[in-house]
Amino acid sequence: MAALLGTFLRSRASFFPSRLVTVQQLAFRNLAAMASGSFKQHEVCPDVLDIPPENTLTAKYDSGVEANLGNVLTPTQVKNPPKVSWEASGDQLYTLLMTDPDAPSRKEATYREWHHWLVVNIPGNDISKGDVLAEYVGSGPPEGTGLHRYIFLVWKQAGKISDPEHGHLTNTSGESRGCFKTRDFVKKHGLGTPIAGNLYQAEWDDYVPILYKQLGA
């Protein structure tokens, strides 16, 4: 009897891990499908990208909120840089971008895109060790322009990126932030399709004038 029980338990032990892997794979596929669907639903494709990211990244703010594939947040909630993470390999370099294609409004996006954050040469997903091309600036949609989309994207790099033409943009000026083109940046540095992404939406609140003052507007 003991021998039979041992055989049974060993068979269960070998059975469940394979089932667990299958469940995890299904979960990842579902997340990928959600990310792709959300980017198409919110027209990030074609406004910013041709092909949506394969996976969802997390972007959590110290206010307790996080980006969730198009949910609505407020400028007050997202004024500080979020903690962003994605599935990464420690021996790879990555690029992180946050951009708003709806400047000054989604209906009249004459400054598409206004990029809020750009970090390259990130080892794994340790953003603090990357090279900052544009310091984080929170959401600042003008009053009366409705909801803006704020899109996070991550690419795996083929090698180290240097971009003196872009230079370093501080968070105390809005100069050179507008009319950024994600497609052009991707082509310039051979980044290809993003490996992960997410987005939220926001419209004007009473923090925005404070942000504009910070930017010297």
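- By the naming in an unreviewed UniProt entry, the chain goes by Phosphatidylethanolamine-binding protein and is assigned to Mesorhabditis belari.
- According to the UniProt record, the Sequence similarities (unreviewed entry) comment for the chain is "Belongs to the phosphatidylethanolamine-binding protein family."

**Looking at the nonpolar core**
Moving on, step 1. Core analysis: the biggest nonpolar cluster contains 23 residues, and V84, W86, W117, F152 and Y200 have the highest contact counts within it.
Moving on, step 2. Apart from residues no more than four positions distant in its own chain, V84 is found in contact with L57, T58, A59, L96, W117, N125, I127 and F152.

**Focus: the pattern of salt bridges**
Moving on, step 1. As enumerated under the stated definition, the model contains nine salt bridges in all.
Moving on, step 2. A salt bridge links R112 to D47, with the shortest nitrogen-to-oxygen separation between them at 3.7 Å. Of the two residues, R112 sits in the loop between strand 5 (93-100) and strand 6 (114-123) while D47 sits in helix 2 (residues 44-47), which places them 65 residues apart along the sequence.
Moving on, step 3. Salt-bridge contacts for D102 lead to R149; the nearest nitrogen and oxygen are separated by 2.6 Å. In this pair, D102 is assigned in the loop between strand 5 and strand 6 and R149 in strand 8 (residues 148-156), connecting sequence segments 47 residues apart. Summarising the burial analysis for this pair, D102 and R149 share the class buried.

**So, unusual backbone geometry**
Moving on, step 1. Following C45, the chain continues into P46 via a peptide bond in cis, with omega recorded as 25°.
Moving on, step 2. Take P46: it is sitting in helix 2.
Moving on, step 3. A cis amide bond links A103 with the next residue in sequence, P104, at an omega value of 0°.
Moving on, step 4. Along the chain, P104 falls in the loop between strand 5 and strand 6.
Moving on, step 5. Phi angles above zero are rare outside glycine, and N121 is one such case at about 55°.

**Remarks on the packing of aromatic side chains**
Moving on, step 1. One pass over the full model with this rule turns up six aromatic pairs.
Moving on, step 2. A ring pair is formed by F152 and Y200, whose centres lie 6.2 Å apart and whose planes are at 45°; its orientation type is tilted. Pair noted here: F152 is in strand 8 and Y200 is in strand 9 (residues 196-202), with a separation of 48 residues, a long-range link.
Moving on, step 3. Looking at F152, the relative accessible area reads 0%, which means it is buried.
Moving on, step 4. Taking 5.8 Å as the distance between ring centres and 40° as the angle between the ring planes, the aromatic pair formed by F180 and F185 counts as tilted. Considered together, F180 and F185 belong to a single accessibility category, that of buried residues.
Moving on, step 5. Members of the aromatic cluster, each reached through a chain of ring pairs, are Y61, Y150, F152 and Y200.

**Details of helix 3 (residues 182-189)**
Moving on, step 1. What helix 3 keeps buried is the set T182, F185, V186 and H189. Buried positions in helix 3, seen along its axis, are confined to an arc of 100° and lie on one side of it. Opposite the buried face of helix 3, by more than 90 degrees, sit the exposed residues D184 and K187.
Moving on, step 2. Along its buried surface, helix 3 packs onto strand 5, strand 6, strand 7 (131-134) and strand 8.
Moving on, step 3. In the stretch just after helix 3, G190 is the one whose phi turns positive, near 60°.

Scoring rules and cut-offs
Residues numbered from 1 in each chain as written. Predicted model: local features only at pLDDT ≥ 70, side-chain atom pairs only at ≥ 80, totals over all residues. Heavy atoms only, no water. UniProt positions renumbered as here; feature names shortened; annotations may be inferred. Core = buried A, V, L, I, M, F, W, Y, C linked by side-chain atoms within 4.5 Å. Buried < 20%, exposed > 50% of the residue type's maximum accessible area, 1.4 Å probe, protein only. Contact = heavy atoms within 4.5 Å. Salt bridge = Lys/Arg side-chain N within 4 Å of Asp/Glu carboxyl O. Helix = DSSP H or I, 4+ residues; strand = E, 2+ residues; numbered from the N terminus. Phe/Tyr/Trp six-rings, centres within 6.5 Å; stacked < 30°, edge-to-face > 60°. Arc of directions from axis to C-beta.

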